[in-house]
Amino acid sequence: MSNGTNRKPPSAREIQHALLTISRKLEEKYGVPISTAIGAGECSNLETLVPAVQAADYLGISQKTLANWRCSGTRGLQYVQVGSRILYRQRDLDDFILSSRKSSTSEKLGGGPVRCGRKLR
């Protein structure tokens, strides 16, 4: 499957991000929710709930970091608690990833100009 270039095939994460971006744009344009879940039934309106362990893996962070975000509430990532189980809606995780996109380090949380990891005075 060579097309004359030595480009690496996209990673699963890159493909997933592209699918999320496309589905969100189609939802905005046509006003119809589009499921990106593989194997999801056409009429499925159920929200997919993901355990904290899987959510941390999906976001590429440790479980401890996810727990810290949950306790501090600084990242705004909503969760569901059922008994002692912590669950996340898949859609909330996807939205969190899309809303976390940055084009420079000056767009860090807390705002204000940043240079080399330090706030400018």
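Residues numbered from 1 in each chain as written. Predicted model: local features only at pLDDT ≥ 70, side-chain atom pairs only at ≥ 80, totals over all residues. Heavy atoms only, no water.

1. As for the overall build of the protein
Line of reasoning, step 1. A count of helices and strands for the protein gives 4 helices and 5 strands.
Line of reasoning, step 2. Walking the protein from its N terminus toward its C terminus, one meets helices and strands in the order α-β-α-α-β-β-α-β-β.
Line of reasoning, step 3. Counting across all 121 residues of the protein, residues that qualify as buried make up 18%.
Line of reasoning, step 4. Intrachain contacts of the protein at a sequence separation of at least 6 include 52% that bridge at least 24 residues.
Line of reasoning, step 5. Total accessible area on the protein stands at roughly 9,800 Å², and carbon and sulfur atoms take up 53% of it. (Helix = DSSP H or I, 4+ residues; strand = E, 2+ residues; numbered from the N terminus. Buried < 20%, exposed > 50% of the residue type's maximum accessible area, 1.4 Å probe, protein only. Contact = heavy atoms within 4.5 Å. Areas by Shrake-Rupley, 256 points an atom, 1.4 Å probe, with all protein chains shown as cover.)

2. Quick word on the packing of aromatic side chains
Line of reasoning, step 1. Scanning all chains against the criterion turns up 2 aromatic pairs.
Line of reasoning, step 2. For the ring pair tryptophan 69 and phenylalanine 96, a centre distance of 5.5 Å and an interplane angle of 50° mean the geometry is tilted. Residue tryptophan 69 is found in helix H3 (residues 63-72), and its partner phenylalanine 96 is found in helix H4 (residues 90-99); the two are separated by 27 residues along the sequence. For the residue pair tryptophan 69 and phenylalanine 96, the accessibility class agrees, reading buried in each case.
Line of reasoning, step 3. Plain terms: the ring middles of tyrosine 79 and tyrosine 88 are 6.2 Å apart, the flat faces sit at 50° to each other, and that makes the pair tilted. (Phe/Tyr/Trp six-rings, centres within 6.5 Å; stacked < 30°, edge-to-face > 60°.)

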